[in-house]
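Topology and contacts: notes
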Amino acid sequence: MSKFYSILLLALSLFVDGWKTPAAKEKLPNIVVIFMDDLGYGDLSCYGALNYKTPNLDKLAVEGIRFTNFLSAQPVCTASRVGLLTGCYPNRLSMSGALFPGAKVGINANETTLAELFKQKNYATGIFGKWHLGDNQKFLPLQHGFDEYFGIPFSNDMWPVWYDGKPATAGTQAGKFRFPPLALMEGNTKIEEISTLEKQGLLTKRLTERAVSFIQKNKKNPFFLYLPHPMPHVPIEASPAFKGKSKQGIYGDVIMEIDWSVGQIMQALAANGLDKNTLVIFTSDNGPWYNFGSHAGSNGGFARRKRHLF
């Protein structure tokens, strides 16, 4: 069982055991999980990042608890997410590696997700970001315990563009597999095609705005908010408000915007009087993807990286 799952179950057990009256119901904690993609251990200024600052995340590190020995279920996208959301080893569920668009397999309907667990206690549940547990409708979030879904169904590099914004060629992964345009989903429906890096650069802002709206809408009800950011998995891009703001190029800009996003979530919780009764967890699915030079993060001096079991 993953440590994430254990932490969330413990939080629930502490509050739910006494849930016998309306007063007890009000004490149920809200849960926010912010799940990064390919973030490195050394990508935050509280862990040694240079040439940019992450003040909101640094504040979480100072005021909260640091889990410095956290283990991911697998060092790759789909597998780490199914481990997080089910508490099961991915191989036990026949889900390893990363699913491609149009995959015939996905998360099994018989598995209990965190969202379904929370629904049993009348929580509102929302996911805003990357899903990557199958893009066929039967595999999408609304069929697995989530009330709301806004985001992309698989990794942001699974589109007909290379990480530098140029059209994919036969020598790149995107060219080899002839990926379709990247879909932006609302519930079970594709509402938009993300066709340029500039549009990708708006994802962090748009997902954050939806997450904040979800908090405001459910301030009187217990909620589970899952915010799996598509970045800093390549391709990376920042919105105009953050582009060019760091001294470390586009990667630093992206991390600064993610830090801003965390600040927006924390401000929303405080503004709605929820900050004292909300468990906020921030982590990454695996280490940095070193194949992409300055477009990848830092392992902070530790051995290995994404796709390595170290």
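So, here's what we can say about the structure. Bear in mind that the values here come from a model prediction, so they are computed numbers and not experimental data. (Residues numbered from 1 in each chain as written. Predicted model: local features only at pLDDT ≥ 70, side-chain atom pairs only at ≥ 80, totals over all residues. Heavy atoms only, no water.)

Structural notes on helix H9 (residues 249–271)
In this model H9 runs 33 Å from its N-terminal to its C-terminal C-alpha over 23 residues, within 8% of the 33 Å that 1.5 Å per residue would give. Directly after H9, the chain includes Gly-273, whose backbone phi takes a positive value near 70 degrees. (Helix = DSSP H or I, 4+ residues; strand = E, 2+ residues; numbered from the N terminus. Expected span 1.5 Å × (residues − 1).)

Some remarks on the side chain of Gln-200
In this structure, Gln-200 sits in helix H7 (residues 197–200). Classification of Gln-200 by relative accessible area gives buried; the value is 0%. Discounting residues that sit within four places of it in the chain, Gln-200 has contacts with Asn-156, Trp-159, Leu-182, Ile-194, Met-231 and Pro-235. (Buried < 20%, exposed > 50% of the residue type's maximum accessible area, 1.4 Å probe, protein only. Contact = heavy atoms within 4.5 Å.)

Some remarks on the pattern of salt bridges
Counted under the stated rule, the structure contains 10 salt bridges. Note that Lys-130 is salt-bridged to Asp-37, the shortest N-O span being 2.4 Å. Highlighted residues: Lys-130 in strand S2 (residues 124–130) and Asp-37 in the loop between strand S1 (30–36) and helix H3 (55–63), separated in sequence by 93 residues. Given the relative accessible area of 0%, Lys-130 is considered buried. (Salt bridge = Lys/Arg side-chain N within 4 Å of Asp/Glu carboxyl O.)

Observations concerning the packing of aromatic side chains
Summed over the entire model, instances satisfying the criterion amount to 11 aromatic pairs. Ring centres 6.1 Å apart and planes at 85 degrees place the aromatic pair Trp-131 and Phe-146 in the edge-to-face group. Of this pair, Trp-131 sits in the loop between S2 and strand S3 (148–152) while Phe-146 sits in the loop between S2 and S3, and the two are 15 residues apart along the sequence. Owing to a relative accessible area of 1%, Trp-131 belongs among the buried residues under this scheme. For Phe-146, a relative accessible area of 3% translates into the label buried. One aromatic cluster in this structure is built from Phe-118, Tyr-123, Trp-131, Phe-146, Phe-224 and Tyr-226. Positioned above the aromatic ring of Tyr-47 is the side chain of Arg-66, whose terminal nitrogen or guanidinium carbon lies 5.0 Å from the ring centre. Just above the ring of Phe-150 sits the side chain of Arg-210; from NZ or CZ to the centre is 4.5 Å. (Phe/Tyr/Trp six-rings, centres within 6.5 Å; stacked < 30°, edge-to-face > 60°. Lys NZ or Arg CZ within 6 Å of the ring centre and 35° of its normal.)

Thoughts on unusual backbone geometry
Residue Met-231 is joined to Pro-232 through a cis peptide bond whose omega torsion reads 15 degrees. If you trace the backbone, Pro-232 turns up in the loop between strand S6 (223–228) and H9. The omega torsion across Val-234 and Pro-235 is 0 degrees, close enough to zero to call that bond cis. Summarising the element assignment, Pro-235 is placed in the loop between S6 and H9. Even without a glycine there, the phi angle at Asn-51 is positive, about 70 degrees. With respect to the secondary-structure elements, Asn-51 resides in the loop between S1 and H3. Residue classification places Asn-51 among the partly exposed residues on the basis of a relative accessible area of 46%. A positive phi angle, near 60 degrees, is found at Ser-94, a position not held by glycine.

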